[in-house]
Amino acid sequence: MPANYGPFDKAEWLRLEKKADELRRLTLQTAIWGGSGHIGGAMSCMDILTVLYYRIMKLDPKNPEYEDRDRFVLSKGHAAVGYAPVLVDYGYMPVEELKIFNLTGAKIGMHLDSNKVKGVDFSTGSLGHGISLGVGAALAARFRNKDYMTFVLCGDGEMNEGSNWEGIMSAAQFKLSNLVIMVDNNKCMIDGRVADEMNIEPLDRKFNAFNCNTYRVDGHNLSEINEALEAAIEYRNKGGDKPTAIVFDTFKGEGVDFMKDNYLWHYGSLDDEKAAKAFASLDAYYKERCERAEKEGK
Amino acid sequence: MGGMAYTSIEAEQLTTAEYYGKALHDLGEKHADVIALTADLAKSTKIAPFVKAFPERLINVGIAEQNMFGIAAGLAKNGFVPYASTFSIFAAARSLDQIHTDICYQNVPVKILASHAGTSFGQAGSTHHAIIDLAVARSLPNMTVMCPADGAEAYKLVLASYDIPGPVYIRINRGFDAVVYGGGPDSVNFVWDKADELKKGRDATFIGIGAGVYQALQAANMLEYDCDIHARVLNMHTLKPIDKEAIIRAIDETGCIVTVEDHVLQGGLGSAVAEVIAEYGRPCKFKMLGHDNSFSTIGLQEDLLTIAGIDANGVAAAAADLLGVKLGGRDNWEDEY
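Residues numbered from 1 in each chain as written. Chains lettered and ligands numbered in written order. Predicted model: local features only at pLDDT ≥ 70, side-chain atom pairs only at ≥ 80, totals over all residues.

Chemist: Any chance you could break down the overall build of chain B for me, citing the residues and the numbers?
Modeler: Summing up its helical and strand segments, chain B has 12 helices and 12 strands in all. In terms of C-alpha radius of gyration, chain B reaches 20 Å, essentially the compact-globule figure of 20 Å for 337 residues. Projected onto its principal axes, the C-alpha coordinates of chain B cover approximately 65 × 50 × 35 Å. Each of the 337 residues in chain B was classed as buried or not, and the buried ones make up 57%. For chain B, contacts bridging at least 24 residues in sequence account for 78% of all contacts bridging at least 6. (Helix = DSSP H or I, 4+ residues; strand = E, 2+ residues; numbered from the N terminus. Rg over C-alpha atoms; globule rule 2.2 N^0.38 Å. Buried ≥ 20, exposed ≤ 12 C-beta atoms within 10 Å, placed from the backbone. Contact = placed C-beta atoms within 7 Å.)

Here it is in structure tokens:
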């Protein structure tokens, strides 16, 4: 799918809401097939992934290696249980791959391997690596005079890793406006809430202090997500000379009422009863989201 | 003379790192996809010729080695062949996670130039010695591990590294190495995955790597003069994949092996050779020389090698012990009176 920069009207908003809903369901289903998964952090970044993959990024579903494609780095690699469904839905691999997620011998599992999974630009899993990889990809674009963008998605807890800040420093030093560093700021990590364990706020002010073109928006409002991402691209197109950083304020487990904002759902499994409740919760959630799009969309 | 070895008296005009810089320049001239990366050590790792010729192809990340190797992987995933230089200890220890995951797991052609290896930055002390890096690098899947014996060989080896698929760890010393290949790069018979036999012999085999090669060669000369013992000397410049055939020939034809490395005994050259000997299953007298579970003191490298028993005298003594001969038989003190 080539980049779609048509107007973000009500119809577009509703189209993306439907896609986000389908992907949330496929994510839960994948965790059920696999027995368990990092559901919380996958749900928190699903709206960001939806806008990126179904509107913003230049990609070709028939050719994942398309040279001028935009690059994506899932620095919070454990969100693969949410990212793999995107790649399947995109057409890079059959849904059968999700049915054996995490099982012995499967191509896809908890963290994705770029040498095995089509459409994955970089293998990730160990936190604090993605920004440096993204800087490399963005520099490669500059060396080759390519106009592709590189998008890196980090977790907020991940920002505890010092290597991220080495990467951000260098992105600013090298004036990589073709790099967009995104944080899925769901405010939870494995052992507790980020603010209680090792606070990383104020994230937007930190990015500003590191010389980034910074935005901070609601990471569950598709319109705001789109606006920030389009602004990043426009900033680059108009000759901006800083990397863009976008802090997306999100909730862990967004979409499922009993998971939402609960750090204990960093990783988990769903029995039949919980699965039924989770899907029912998604029904209500999707309805609310569509109502908002109908009301606020233009 | 800080960091200059006594061997500089008979050294090449270029240090080993300067040979690396020359090779990097020549690679850059030939291949547009070669990019140089450094973490505030462009000067120390001697890549000036490349920087002068191709300033737009240098990426200096400041003092941030982890970021450097991550960026290198990002470039390599997009079609470039990055040469990332830093001190060995900051590559193998500080940046191991990036080298493990971003470079080796993704199996991308990042060439890691790890300088100031072993105790070659002797006076800087153990924070800047790298005596664990071969063990680390050797354990990484997909990684090729190389270590030249001197500057001339470093030149040939770095040129060869471009064509070796996947990641390559190249370990070189600081300053001047004692000269093993006296005729410069043209005198180096370099086949990247074959040990170089520097001296023929049937009584024992000395296998050296890096600074150990010169010591092994000197020891072989001493034994030949002193006790008519003829030791074969192998330069094992490529530690992984190791030249098993050369080791098996050494077992079969000499039955006695001494390994010499400026590295701990745990996991380096000696261990790699021991694995081949053990699997081959034929008896072979064997001694490993290296740092034995200890950090080195500070000092000049040649002194530190002597203290650790990794110098020519140490090699000769180990061989004499294995072979049951007495050293010093040809000493003649008459002219001292």
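Chemist: Outline the overall build of chain A, listing residues and values.
Modeler: The number of helices and strands found in chain A is 11 helices and 7 strands. Relative to the 2.2 N^0.38 estimate, which gives 19 Å for 298 residues, the radius of gyration of chain A is 18 Å and therefore close to what a compact globule would have. Projecting the C-alpha coordinates of chain A onto the three principal axes gives extents of approximately 50 × 45 × 40 Å. Burial analysis of chain A (298 residues in total) assigns 53% to the buried set. For chain A, long-range pairs separated by at least 24 residues make up 75% of all intrachain contacts whose partners lie at least 6 apart in sequence.

Chemist: Could you give me a rundown of the sheet that holds strand S6 (residues 213–218) of chain A, with the residues and numbers involved?
Modeler: By definition, the strands of a sheet pair up through backbone hydrogen bonds, in either a parallel or an antiparallel sense. All names here are of chain A. Judged by pairing direction, the sheet is parallel, and its 5 strands sit side by side in the order S1-S2-S3-S7-S6 without closing on themselves. Only two strands of the sheet have a single neighbouring strand rather than two, namely strand S1 (71–74) and S6. Between one strand axis and the next, the sheet turns by 15° as a mean value, whatever way the strands run. In terms of strand pairing, strand S3 (residues 179–185) meets strand S7 (residues 244–249) through 6 bridges, oriented parallel. From the neighbouring strand, Ile-181 faces S7, where its bridge partner is Ala-245. (Pairing = 2+ DSSP bridges. Axes fitted to C-alpha atoms, helices over the stretch in contact; angles between N-to-C directions.)

Chemist: Provide a residue-level description of the nonpolar core, including the pertinent values.
Modeler: One finds Met182(A), Phe206(B), Val315(B) and Ala319(B) to be the most contacted residues of the largest nonpolar core, which totals 201 residues. Among the elements that take part in this core, helix H8 (residues 211–227) of chain B stands out by supplying 9 residues, more than any other. No fewer than three residues from each of domain 1 (6–171) and domain 2 (196–323) of chain B sit in this core. For Phe206(B), the residues in contact, after removing those within four places along its chain, are Ala216(B), Ala219(B), Ala220(B), Ala231(B), Val233(B), Val258(B), Val260(B) and Val315(B). (Core = buried A, V, L, I, M, F, W, Y, C linked by C-beta atoms within 7 Å. Domains from an automatic or database assignment.)

Chemist: Give a description of the sheet that holds strand S8 (residues 204–208) of chain B that names residues and reports values.
Modeler: All names here are of chain B. Judged by pairing direction, the sheet is mixed, and its 5 strands sit side by side in the order S7-S9-S8-S11-S12 without closing on themselves. Each edge of the open sheet carries a strand with a single partner, namely strand S7 (196–199) and strand S12 (285–291). Averaged over all pairs of adjacent strands, the angle between strand axes in this sheet comes to 25°, irrespective of strand direction. In this fold helix H10 (residues 269–280) packs onto S8, strand S11 (256–264) and S12, with an angle of close to 150° to the strand it touches most, S11.

Chemist: If you had to explain the domain arrangement of chain B to someone new, which residues and values would you point to?
Modeler: Residue and element names in this part refer to chain B. Domain assignment breaks chain B into domain 1 (6–171) and domain 2 (196–323). Averaged C-alpha coordinates put domain 1 and domain 2 at centres separated by 25 Å. The partner domain 2 presents 27 residues to the 25 residues of domain 1 that form the contact. Breaking the side of domain 1 that touches domain 2 down by element, the ones donating at least two residues are helix H6 (133–139), strand S5 (144–146) and helix H7 (151–161). Counted by class, the side of domain 1 that touches domain 2 contains 13 nonpolar, 9 polar and 3 charged residues. (Nonpolar A, V, L, I, M, F, W, Y, C, P; charged D, E, K, R; others polar.)

Chemist: Go over the packing of helix H1 (residues 10–34) of chain A against helix H3 (residues 46–56) of chain A, please, and point to the residues and values.
Modeler: All names here are of chain A. H3 packs onto H1 with a crossing angle of 120° between their chain directions and a minimal axis gap of 9 Å. For the element pair H1 / H3, the angle class is oblique. By crossing handedness, the relation of H1 to H3 is classed as right-handed. Touching Leu-16, Lys-19, Ala-20, Leu-23, Arg-24 and Thr-27 of H1 are Met-46, Asp-47, Thr-50, Val-51, Tyr-54 and Arg-55, all from H3. Considered class by class, the residues forming the contact of H1 with H3 number 6 nonpolar, 2 polar and 4 charged. (Parallel < 35°, antiparallel > 145°, perpendicular 65-115°, else oblique. Left-handed = near helix turned anticlockwise from the far one by under 90°.)

Chemist: Any details on the environment of Leu26(A)? Residues and values, ideally.
Modeler: Residue and element names in this part refer to chain A. You can see Leu-26 is positioned in helix H1. A sequence separation of 62 residues divides Leu-26 from Val-88, and the C-alpha atoms of the two residues are 9.7 Å apart. Once you skip the residues sitting within four places of it in the chain, Leu-26 turns out to touch Pro-85 and Asp-89.

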